[in-house]
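A closer look at the structure
Residues per chain, in single letters:
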Amino acid sequence: MKTASRLERVLESGAFAVTSECGPPRGSDPEAVRKKGETLKGAVDAVNVTDNQTSVVRMSSIASCVILKQMGFDPIVQMVTRDRNRIALQSDILGAGALGLNNILCLSGDHQRFGDHPSAKNVYDIDSIQLIMTVKRMRDEGTFINGEPLKGVPRFFIGAAANPFADPFEIRVPRLAKKVAAGVDFIQTQCIYNLDKFRQWMKQVVDRGLHTKVKILAGVTPMKSLGMARYMKTQVPGMDVPDEIIKRLQGAGKGKAAEEGIKICVETIQELREIEGVAGVHIMAIEWEERVREIVEAAGLLPRPTVADEGS
Amino acid sequence: MIIAHRKPIDEILKMVDRYDKIILAGCKGCVAVCAAGGEKEVGILASVIRLGRKKEGRDIEIREVTLERQCDPEYVEQIQGIVDQYQAILSIACGVGVQYMAERYKGTPALPGVNTDFMGGALEQGVWVERCQGCGACVLHLTGGICPITRCSKSLLNGPCGGSTKGKCEINPDVECGWQLIIDRLKSLGLLETVYEEIMPYKDWSTSRDGGPRRIIREDMRE
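Because the structure is a prediction, the values reported are computed rather than measured. (Residues numbered from 1 in each chain as written. Chains lettered and ligands numbered in written order. Predicted model: local features only at pLDDT ≥ 70, side-chain atom pairs only at ≥ 80, totals over all residues.)

On to the overall build of chain B. On a plain count of helices and strands, chain B comes out with 8 helices and 9 strands. The C-alpha radius of gyration computed for chain B amounts to 22 Å, which surpasses the reference 17 Å derived for 223 residues by more than 25%, pointing to a less compact arrangement than a globule. Overall, the C-alpha framework of chain B stretches about 65 × 50 × 25 Å when taken along its three principal axes. The burial tally for chain B puts 36% of its 223 residues in the buried class. Contacts in chain B between residues at least 24 apart in sequence constitute 56% of all its contacts with a sequence separation of at least 6. (Helix = DSSP H or I, 4+ residues; strand = E, 2+ residues; numbered from the N terminus. Rg over C-alpha atoms; globule rule 2.2 N^0.38 Å. Buried ≥ 20, exposed ≤ 12 C-beta atoms within 10 Å, placed from the backbone. Contact = placed C-beta atoms within 7 Å.)

Structural data, given as structure tokens:
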């Protein structure tokens, strides 16, 4: 094992991993984080906490992760390169390590144009692939970006995102290969609705043998409503929602779209489990964390495996 | 060239409100080419200011001049004989020109009549686009002649991000994805396979604005 990460242990055991995520509150009330955490207890192997997702200011990912850690989770810190330069990123990596966090997801982050402070200045000193390199270098070589040694090395299980549905499609697997070369340990994908296209991408991943070097967790998001599905289809860049999803939600009848959304999500997970190279699922239930447990249960993924802690 | 566009007239009128004798100084360089601050624009802006002031029932005397270049001390010197007769210089050169005026004529306020936007060029009649951010360490030989610092909204060196859809950037469907352009170009050059998967290293931004105000010294040209 490279790290003390529970997720790493679950994946190494060969079990089909389940992760989910929490959006932190737009305020400093720790109860808001605990409440979301409560609903996920025992249902997942790890929980991501987003880092000012869609460029909307929220409680910091590291702080929220510490609250979840106190509840017994082994959270995944999300870290975007939009808001911090290499000095602040490395400093936060050290801090997160000192606070006992074991997993990190390296992202570039949504452009601030989408957010609640569109007049902000962005940073982008480094990109997501360079952030992977940075965490790996700190962990495996014990040095900062400038080559100077660390005193006390953070041991992170390193994650990144991949979007099989963004363009240009032909470089989506080569770009994953770059992340693998940079040192990523696990991948969480963009939400999958178009299974055919995902299978195509996954086949290329397997053909190149990348699935043996990185654990791929397939992303899913249950649709809460027809409106949400339409919004995701037309307004969210890099999202691929086929018409049949819209039709199924339409056909569900009044007041039943949410249940149909959950059903589609469960079916998707079952299909994903059958695809070669898929090591787990990442359930992003946006402001709907309380439904994650039943999705995991309906997909036949409960109880979650128990894994021994490091050293025991 | 440097692309600029005129400030809103209300902002300009407010800026010159306290003066009734000003020099309006254009520039025959970049801002003339992009139709923001050349001789023609000096004439137009002077008329608009006079009109605005007339509405308020106050006159303003405007001396219209257009210098060869405002980013060159030699040409800035040319108005030396008249500056003392005026209360302010409204420059419609780029930000460099305004500052050269301020540096040369220390007793006279220099006011910006344009917003200086970017380094770029014309795309078609009436449309200008950004192409360079002056980072001081060019990588165009690695990216098919398309600048990732300028053309990618996140300046990613290892793009594209997951927001690239049908050739467009996630920030706006009118913005092309810089990395889609880079990939298309590398492909047409037959370089995609060999170049794309090499990880671009951390960029040294010290040659960019981040290193503080920059200076180039050419010893071979110094006197």
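Now that the structure has been shown, we can carry on.
Helices and strands together make up the secondary structure of chain A, namely 11 helices and 8 strands. Radius of gyration (C-alpha) of chain A: 19 Å, near the 20 Å computed for a compact globule of 312 residues. Projected onto its principal axes, the C-alpha positions of chain A cover 60 × 45 × 40 Å. Looking at chain A residue by residue over its 312 residues, the buried ones come to 50%.

Residues and elements named next belong to chain A. Here helix 4 (residues 86–98) is 13 residues long and its end C-alpha atoms lie 18 Å apart, about the 18 Å a rise of 1.5 Å per residue gives. Of the residues making up helix 4, those classed as buried are Leu89, Gln90, Ile93, Ala96 and Gly97. Buried residues in helix 4, looked at end-on, bunch into an arc of 125°, giving them a common side. Across helix 4 from its buried face, at more than 90 degrees, point the exposed residues Ile87, Ala88, Ser91 and Ala98. The elements touched by buried residues of helix 4 are helix 3 (61–70), strand 3 (76–80), strand 4 (103–107) and helix 5 (128–141). (Expected span 1.5 Å × (residues − 1). Arc of directions from axis to C-beta.)

Residue and element names in this part refer to chain A. The N-to-C vectors of helix 4 and helix 5 enclose an angle of 45°; their axes lie 11 Å apart at closest approach. The orientation of helix 4 relative to helix 5 falls into the category oblique. Our pair here, helix 4 against helix 5, has a crossing hand that is right-handed. Residues Leu89, Gln90 and Ile93 of helix 4 touch helix 5, and the partners they reach there are Leu131, Thr134, Val135 and Met138. (Axes fitted to C-alpha atoms, helices over the stretch in contact; angles between N-to-C directions. Parallel < 35°, antiparallel > 145°, perpendicular 65-115°, else oblique. Left-handed = near helix turned anticlockwise from the far one by under 90°.)

For a regular strand, side-chain orientation follows a simple rule: the groups alternate between the two sheet faces. Residue and element names in this part refer to chain A. Taken across its 5 residues, strand 4 has 5 buried, putting it largely inside the fold. Residues of strand 4 alternate between two faces, with Asn103, Leu105 and Leu107 on one and Ile104 and Cys106 on the opposite face, all of them buried. Where strand 3 meets strand 4, 5 bridges bridge the pair, whose relative direction is parallel. Residue pairing in the sheet places Val80 in a bridge with Leu107 of strand 4. (Pairing = 2+ DSSP bridges.)

Now for the interface of chain A and chain B. Between chain A and chain B, the residue contacts involve 24 residues of the former and 22 residues of the latter. Those elements giving two or more residues to the side of chain A that touches chain B turn out to be helix 5 and helix 6 (172–182) of chain A. Here the side of chain A that touches chain B is built from residues that sort into 13 nonpolar, 6 polar and 5 charged. (Nonpolar A, V, L, I, M, F, W, Y, C, P; charged D, E, K, R; others polar.)

Attention shifts here to the sheet that holds strand 1 (residues 17–22) of chain A. All names here are of chain A. Strand order in the closed barrel formed by 8 strands is 1-2-3-4-5-6-7-8, and the pairing between neighbours is parallel. For this sheet, the mean inter-axis angle between neighbouring strands, taken without regard to orientation, is 30°. Pairing of strand 5 (residues 157–162) with strand 6 (residues 186–191), which is carried by 4 bridges, proceeds in the parallel orientation. Note that in strand 6 the partner of Ala160 across the bridge is Ile187. Sitting on the sheet, helix 5 touches strand 3, strand 4 and strand 5, and the angle it makes with strand 4 is about 150°.

Residue and element names in this part refer to chain A. By the secondary structure assignment, Phe186 is in strand 6. Its 25 C-beta neighbours within 10 Å are what place Phe186 among the buried residues. In the structure, Phe186 is positioned 25 residues away from His211 in sequence and 9.6 Å away in space, judged by C-alpha atoms. In this structure, Phe186 is in contact with Leu11, Phe157, Gly159, Val214, Lys215 and Leu217, ignoring residues within four places of it in sequence.

A word on the domain arrangement of chain B. Taken domain by domain, chain B holds domain 1 (2–118) and domain 2 (133–210). Measuring from the centre of the C-alpha atoms in domain 1 of chain B to the corresponding centre in domain 2 of chain B gives 37 Å. (Domains from an automatic or database assignment.)

So, about helix 3 (residues 39–55) of chain B. All names here are of chain B. In a regular helix each residue adds 1.5 Å, so 17 residues correspond to 24 Å; helix 3 covers 25 Å between its end C-alpha atoms and thus fits that length. Taken together, the buried positions of helix 3 are Glu41, Val42, Leu45 and Ile49. Down the axis of helix 3, the buried set is contained in an arc of 100°. They therefore lie on one face. Facing away from the buried surface of helix 3 by more than 90 degrees, the exposed residues are Lys40, Ile44, Ser47, Leu51, Lys54 and Lys55. Against strand 1 (2–6), helix 1 (9–15), strand 2 (21–27) and strand 3 (61–67) lie the buried residues of helix 3. Of the residues trailing helix 3, Gly57 is marked for its positive phi of about 75°.

Here we come to the sheet that holds strand 2 of chain B. Residues and elements named next belong to chain B. Read from one edge to the other, the open sheet built from 4 strands follows the order 3-2-4-5, with strand pairing classed as parallel. Each having just a single partner strand, strand 3 and strand 5 (110–112) make up the two edges of the open sheet. Ignoring strand direction, the axes of neighbouring strands in this sheet form an average angle of 25°. Pairing of strand 2 with strand 4 (residues 88–91) involves 4 bridges; the strand directions are parallel. Looking across to strand 4, one finds that Ile22 is bridged to Ala88. Strand contacts of helix 3: strand 2 and strand 3, with the helix running at about 170° to strand 3, the strand carrying the most contacts. Contacting strand 2, strand 4 and strand 5, helix 5 (residues 95–104) crosses the sheet at an angle of about 170° to strand 5.

Below, the discussion takes up unusual backbone geometry. All names here are of chain A. Note that the residue after Leu302, namely Pro303, is joined by a cis bond; omega there is -5°. In this fold, Pro303 is placed in the segment after helix 11 (292–298). Phi is positive for Tyr124, which is not a glycine, with a value near 45°. You can see Tyr124 is positioned in the loop between strand 4 and helix 5.

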